[in-house]
Amino acid sequence: MGSHAARSIAGRDAPVPRIGLVTGAAMHRDAVDRDVVNRDAVNRDAVNGAEFPALPGAVGPAHFRAILGRFATGVVAVTAIDPETGDPRGLAANSFTSVSLDPPLVAFCVAHTSTSWPLLRAAPTLCVNVLAEDQREVCAQLAARGGDKFAGLAWQRSPGGSPVLDGALAWIDCVLEAEHPAGDHMIIVARVLGLDKHEDGGPLVFFRGGYGRFQP
């Protein structure tokens, strides 16, 4: 274990943090309404005089990633305390979204190959940390394989008992509601128990394979 002590929002002491492997995040968002687009006519349609190319028979992973990367997202860290060891676990994702107001539900995606998600799902509660624009290095540290993921990082416990990273814009305590297989990923739906703002600032933004900030 590292030498960095954690604090508690409720004033409780917490164990020195360790965090599991961070998985790559998937973007499971349809770009086209298939009920609207007539595939046979796409190559004949024109916008401002320019014709669309014919749709290919298959979508390659690299092209899929490049085009979907044009959709900007925020970045979150999903954290929990390992019920067996008392160590914090976590993963980072840009595939986070709100799902429902009643009941309050959120969702994110993890790869089937994730070694972090099995550790997180065993915990009684989870916490979603909304990362701030100055937490690019924090995100990179969490995404690295091996080592002490929380070395040099400060955190405190949420009311639900999960780690909240210092500097995060908001925290969302939740419990696992459902898991849905979707290709090479799992869609994780979680029920929100409580949430609040944490620090002020702008969000960390992921766009076209890189990190940046929001500028209105």
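As shown above, the structure is provided for reference.
The text that follows walks through the structure, step by step, so that each part is easy to find. (Residues numbered from 1 in each chain as written. Predicted model: local features only at pLDDT ≥ 70, side-chain atom pairs only at ≥ 80, totals over all residues. Heavy atoms only, no water.)

Attention shifts here to the side chain of threonine 79. Looking at where threonine 79 falls in the secondary structure, it is placed in strand 5 (residues 76-81). Here threonine 79 falls in the buried class, since its relative accessible area comes to 1%. Polar side-chain contacts of threonine 79 include one of 3.4 Å to the side chain of asparagine 129. At 2.6 Å, the side chain of threonine 79 and the backbone oxygen of proline 163 are in polar contact. (Helix = DSSP H or I, 4+ residues; strand = E, 2+ residues; numbered from the N terminus. Buried < 20%, exposed > 50% of the residue type's maximum accessible area, 1.4 Å probe, protein only. Polar contact = N/O pair within 3.5 Å; in protein donor to acceptor, adjacent residues only side chain to side chain.)

The next thing to look at is the sheet that holds strand 4 (residues 73-74). Spatial strand order, 4-14-15: three strands in an open sheet with antiparallel pairing. Every interior strand has two partners, whereas the edge strands, strand 4 and strand 15 (210-213), have only one. Bridge count for strand 4 against strand 14 (residues 204-207) is two bridges, and the pairing is antiparallel. When the sheet's bridge partners are listed, threonine 73 is paired in strand 14 with phenylalanine 206. (Pairing = 2+ DSSP bridges.)

Turning our attention to the environment of asparagine 129. Relative to the elements of secondary structure, asparagine 129 occurs in strand 9 (residues 126-130). Its relative accessible area of 0% is what places asparagine 129 among the buried residues. When the C-alpha atoms of asparagine 129 and alanine 170 are compared, they prove to be 5.9 Å apart, with 41 residues separating the residues in sequence. Beyond its immediate sequence surroundings of up to four residues, asparagine 129 is in contact with Val75, Val76, Ala77, Thr79, Pro163, Val164, Leu165, Ala168 and Ala170. A polar side-chain atom of asparagine 129 sits 3.3 Å from the main-chain carbonyl oxygen of proline 163. (Contact = heavy atoms within 4.5 Å.)

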